[in-house]
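Fold and geometry: a report
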Amino acid sequence: MSEIRVEHLSKAFDAKTVVDDISFAVEAGEFCVLLGPSGCGKSTMLRLIAGLEDPSAGRILIEGTDVAPLAPKDRRIAMVFQSYALFPHLDVAENIIFGLRVRGVPKAVRRQRLAQVAGLVGLGDYLDRKPAQLSGGQRQRVALARAIAAEQPICLMDEPLSNLDAQLRGEMRLEIRALQQRLGMTMIYVTHDQTEAMTMADRVILMNGGRIEQNGSPVELYERPASLFVARFIGAPA
Ligand code: ADP
Ligand code: MG
């Protein structure tokens, strides 16, 4: 399990600062939700941690080591995107193990890992289908399975349920939370949905305009909102 520390992190695109001197820590094995309205900088924060963007200032430490010199593939991070980012021409099995193949994991290990994760997320009967032949929920499970198959200690998810209907979202929240606990992953989960944040998180970091409004447990945010913005966003009595 890996702890993550973000120290005075900033990111500007041209003249616009979208992540503005942000610091926080996520403990090993913690389920941290980055919550906030559209455009507040959540995805940029995840991309910085994953190494898909370079910070303008500040640093990111994983298990105490500054990850700035590390390429995304060397950061021991799995990521699930909102769009799932599945390969349309590959079947479910190939999509799940794609990253393992790229990293040179031997075929026998890939097969074994595939059988395990496909069972975990209930895709055992769908391994030879193409993404186009799956429902939204099944595609989401493929993306989840791919992240789990990577066996990384850290998982970053960017609005993974936003394309699903309300009932399936509710089910998948429970499944993701159960898998995270079972596998002991450190999770940073991005959403703009306060219900999702409040039901899934150990820690909620509520962002607004590139800054942190409040960092605490769901109960703390609800019972002791640090600002009117927090109270309104969470829907707590102000
Ligand atoms: P969120 O995920 O919270 O909706 P984002 O991190 O995607 O927010 O975006 C924060 C702000 O940064 C937005 O105003 C967005 O337009 C801007 N932004 C994000 N990525 C880029 C980029 N590559 N170039 C320019 N502006 C960007
Ligand atoms: Mg986003």
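Residues numbered from 1 in each chain as written. Chains lettered and ligands numbered in written order. Predicted model: local features only at pLDDT ≥ 70, side-chain atom pairs only at ≥ 80, totals over all residues.

As recorded in an unreviewed UniProt entry, the chain goes by the name ABC transporter ATP-binding protein, listed as coming from Methyloraptor flagellatus. Of the comments in the UniProt record for the chain, the one headed Subcellular location (unreviewed entry) reads "Cell inner membrane". Its UniProt record gives the chain a comment under Sequence similarities (unreviewed entry), which states: "Belongs to the ABC transporter superfamily." (UniProt positions renumbered as here; feature names shortened; annotations may be inferred.)

A look at the environment of Leu-70
Topologically, Leu-70 is positioned in the loop between strand S5 (65–66) and strand S6 (77–80). For the pair Leu-70 and Ala-50, spaced 20 residues apart in the sequence, the C-alpha separation amounts to 9.7 Å. Setting aside its immediate chain neighbours within four residues, Leu-70 contacts Gly-51 and Arg-75. (Helix = DSSP H or I, 4+ residues; strand = E, 2+ residues; numbered from the N terminus. Contact = placed C-beta atoms within 7 Å.)

Points about the pairing of strand S3 (residues 31–35)
In terms of residue burial, S3 counts as a mostly covered element, since five of its five residues are buried. Going residue by residue along S3, you find Phe-31, Val-33 and Leu-35 tucked away on one face and Cys-32 and Leu-34 tucked away on the opposite face as well. Examined bridge by bridge, S3 and strand S8 (residues 186–191) share five bridges and lie parallel to one another. Paired with Val-33 across the two strands is Tyr-189, which belongs to S8. Pairing between S3 and strand S9 (residues 203–208): four bridges, direction parallel. Bridged to Cys-32 within S9 is Arg-203. (Buried ≥ 20, exposed ≤ 12 C-beta atoms within 10 Å, placed from the backbone. Pairing = 2+ DSSP bridges.)

Concerning the UniProt feature "domain: ABC transporter" (unreviewed entry) in the chain
Using the residue numbers shown here, the UniProt feature "domain: ABC transporter" (unreviewed entry) corresponds to residues 4–234. The distance separating the terminal C-alpha atoms of residues 4–234 is 25 Å; by composition the span is 37% helix and 26% strand.

As for the site of ligand 1
Taken together, Phe-13, Val-18, Gly-36, Ser-38, Gly-39, Cys-40, Gly-41, Lys-42, Ser-43 and Thr-44 make up the full set of residues near ligand 1. Sort the elements by how many residues they give to the shell around ligand 1 and helix H1 (residues 42–50) lands first, with three residues. Split into classes, the residues belonging to the shell around ligand 1 amount to three nonpolar, six polar and one charged. (Near = placed C-beta within 6 Å. Nonpolar A, V, L, I, M, F, W, Y, C, P; charged D, E, K, R; others polar.)

Let's talk about the sheet that holds S8
The strand order across the open sheet built from six strands is S6-S7-S8-S3-S9-S10, with neighbouring strands paired in mixed fashion. Each having just a single partner strand, S6 and strand S10 (211–216) make up the two edges of the open sheet. Averaged over all neighbouring strand pairs, the angle between strand axes comes to 15°, with direction disregarded. Contacting S6 and strand S7 (154–158), helix H4 (residues 136–149) crosses the sheet at an angle of about 175° to S6. (Axes fitted to C-alpha atoms, helices over the stretch in contact; angles between N-to-C directions.)

Looking at the packing of helix H3 (residues 107–120) against H4
Close contact between H3 and H4 brings their axes to 9 Å; oriented N to C, the two are set at 135°. Between H3 and H4, the crossing angle belongs to the class labelled oblique. The two elements H3 and H4 meet at a crossing, and its hand is right-handed. Contact residues: H3 offers Arg-113, Leu-114, Val-117, Ala-118 and Leu-120, while H4 offers Ala-145, Ile-148 and Ala-149. When its residues are assigned to classes, the contact of H3 with H4 shows seven nonpolar, no polar and one charged. (Parallel < 35°, antiparallel > 145°, perpendicular 65-115°, else oblique. Left-handed = near helix turned anticlockwise from the far one by under 90°.)

Comments concerning the nonpolar core
Counting 63 residues, the largest nonpolar core has Ile-96 and Ala-145 as its most contacted members. Looking at this core, the element that brings in the most residues is H4, giving seven residues. The residues contacting Ala-145, other than those within four sequence positions of it, are Ile-96, Val-117, Ala-118, Val-121 and Leu-123. (Core = buried A, V, L, I, M, F, W, Y, C linked by C-beta atoms within 7 Å.)

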